[in-house]
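# Examining the three-dimensional arrangement
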Amino acid sequence: MNPIWLTIVLAVLSPVSALAGTWIAGVRTYRLARLTVDTGREDSNHKSREDAYKKFVVAARAIGPAARATTDGGDTDAEPALAAFRDAGAGIDLCSPELADGPLPTVLDAGERLLRLALSEPRGSAGLVEAEHDYNEALRQFRELMRADLAVWSNSERRV
């Protein structure tokens with residue numbers, strides 16, 4: 001024979017434990033769903049940054065040949081290359097404001113200066129050589145920052 005209080009305790013604890021188990025399973029399901037959404041958002045953000053950086057590098061690589069073609073007498077390549085360069089910079093401005101507020105204007109200004117000088121100065125002039133060096137150096141530093149930014153995002157995804 002069991003005491004009556006034991007029967008009452010078991011009658012109360014059984015539904016409470018069932019409800020607690022259901023609540024714990026719900027919390028775990030919610031956390032898993034939240035983790036899945038956050039991971040998807042990080043993947044999407046990383047992919048958009050990577051795409052913007054790729055477009056910028058492609059546009060930036062076109063500036064040098066456009067400047068050389070301009071100094072050789074054919075200025076038809078300069079304006080489309082400069083427009084593509086600016087558009088690619090706008091993509092970075094949208095997805096990576098910390099790079100857009102800092103080093104991006106330096107690279108854009110150096111590229112525009114190079115093309116402007118290519119229109120007005122002869123090939124091999126000191127100003128043009130200096131502008132090309134400044135542009136290449138600014139672009140090299142900016143590529144390092146883009147790589148570092150992508151590495152940070154990749155590492156944060158691995159931690160999840």
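Whatever comes next refers back to the structure up there.
The sections below set out a description of the structure shown in this document. (Residues numbered from 1 in each chain as written. Predicted model: local features only at pLDDT ≥ 70, side-chain atom pairs only at ≥ 80, totals over all residues. Heavy atoms only, no water.)

## Let's talk about the packing of helix H1 (residues 4-71) against helix H4 (residues 104-120)
- Remark: H1 packs on H4, axes separated minimally by 8 Å, with the N-to-C direction vectors making an angle of 20°. Overall, the two elements H1 and H4 adopt an arrangement that is roughly parallel. Relative to H4, the crossing made by H1 is left-handed. Contact with H1, carried on its side by Phe56, Ile63, Ala66, Ala67, Thr70 and Thr71, involves Leu104, Val107, Leu108, Gly111, Leu114, Leu115, Ala118 and Leu119 of H4 and no other residues of that element. (Axes fitted to C-alpha atoms, helices over the stretch in contact; angles between N-to-C directions. Helix = DSSP H or I, 4+ residues; strand = E, 2+ residues; numbered from the N terminus. Parallel < 35°, antiparallel > 145°, perpendicular 65-115°, else oblique. Left-handed = near helix turned anticlockwise from the far one by under 90°. Contact = heavy atoms within 4.5 Å.)

## Concerning the pattern of salt bridges
- Throughout the structure, instances matching the rule amount to 11 salt bridges.
- As a salt-bridge pair, Glu98 and Arg49 come within 3.0 Å of each other at their nearest N and O atoms. Of the two residues, Glu98 sits in helix H3 (residues 97-101) while Arg49 sits in helix H1, which places them 49 residues apart along the sequence.
- Of the residues examined, Arg49 reaches a relative accessible area of 6% and is grouped as buried.
- Across the pair Arg113 and Asp134 runs a salt bridge whose closest N-O atoms are separated by 3.3 Å. (Salt bridge = Lys/Arg side-chain N within 4 Å of Asp/Glu carboxyl O. Buried < 20%, exposed > 50% of the residue type's maximum accessible area, 1.4 Å probe, protein only.)

## Some points on the nonpolar core
- Core analysis: the largest hydrophobic core is formed by 34 residues, its most contacted members being Phe56, Phe85, Ile92, Val107, Tyr135, Phe142 and Met146.
- Going through the elements one at a time, H1, helix H2 (78-95), H3, H4 and helix H5 (126-159) are the ones with two or more residues in this core.
- With 9 residues, H1 is the largest single contributor of residues to this core.
- Sequence-distant contacts of Val107, that is, excluding residues within four places in its chain, are made with Phe56, Phe85, Tyr135, Ala138, Leu139 and Phe142. (Core = buried A, V, L, I, M, F, W, Y, C linked by side-chain atoms within 4.5 Å.)

## Focus on the environment of Ser14
- Structurally, Ser14 is set in helix H1.
- We classify Ser14 as partly exposed; its relative accessible area is 44%.
- Only 2.9 Å separates the side chain of Ser14 from the backbone oxygen of Leu10, close enough to count as a polar contact. (Polar contact = N/O pair within 3.5 Å; in protein donor to acceptor, adjacent residues only side chain to side chain.)

## Notes on the packing of H1 against H2
- Packing of H1 against H2 brings their axes to within 8 Å, and their N-to-C directions diverge by 160°. Comparing the axis directions of H1 and H2 gives the class roughly antiparallel. Helix-helix and strand crossings are classified by hand; for H1 and H2 the assignment is left-handed. Counted together, Ser48, Arg49, Ala52, Tyr53, Lys55, Phe56, Ala59, Ala60, Ala62, Ile63, Ala66 and Thr70 of H1 and Ala78, Ala81, Leu82, Ala84, Phe85, Ala88, Gly89, Gly91, Ile92 and Cys95 of H2 form the full contact between these two elements.
- Taken together, the residues of the contact of H1 with H2 sort by class into 16 nonpolar, 4 polar and 2 charged. (Nonpolar A, V, L, I, M, F, W, Y, C, P; charged D, E, K, R; others polar.)

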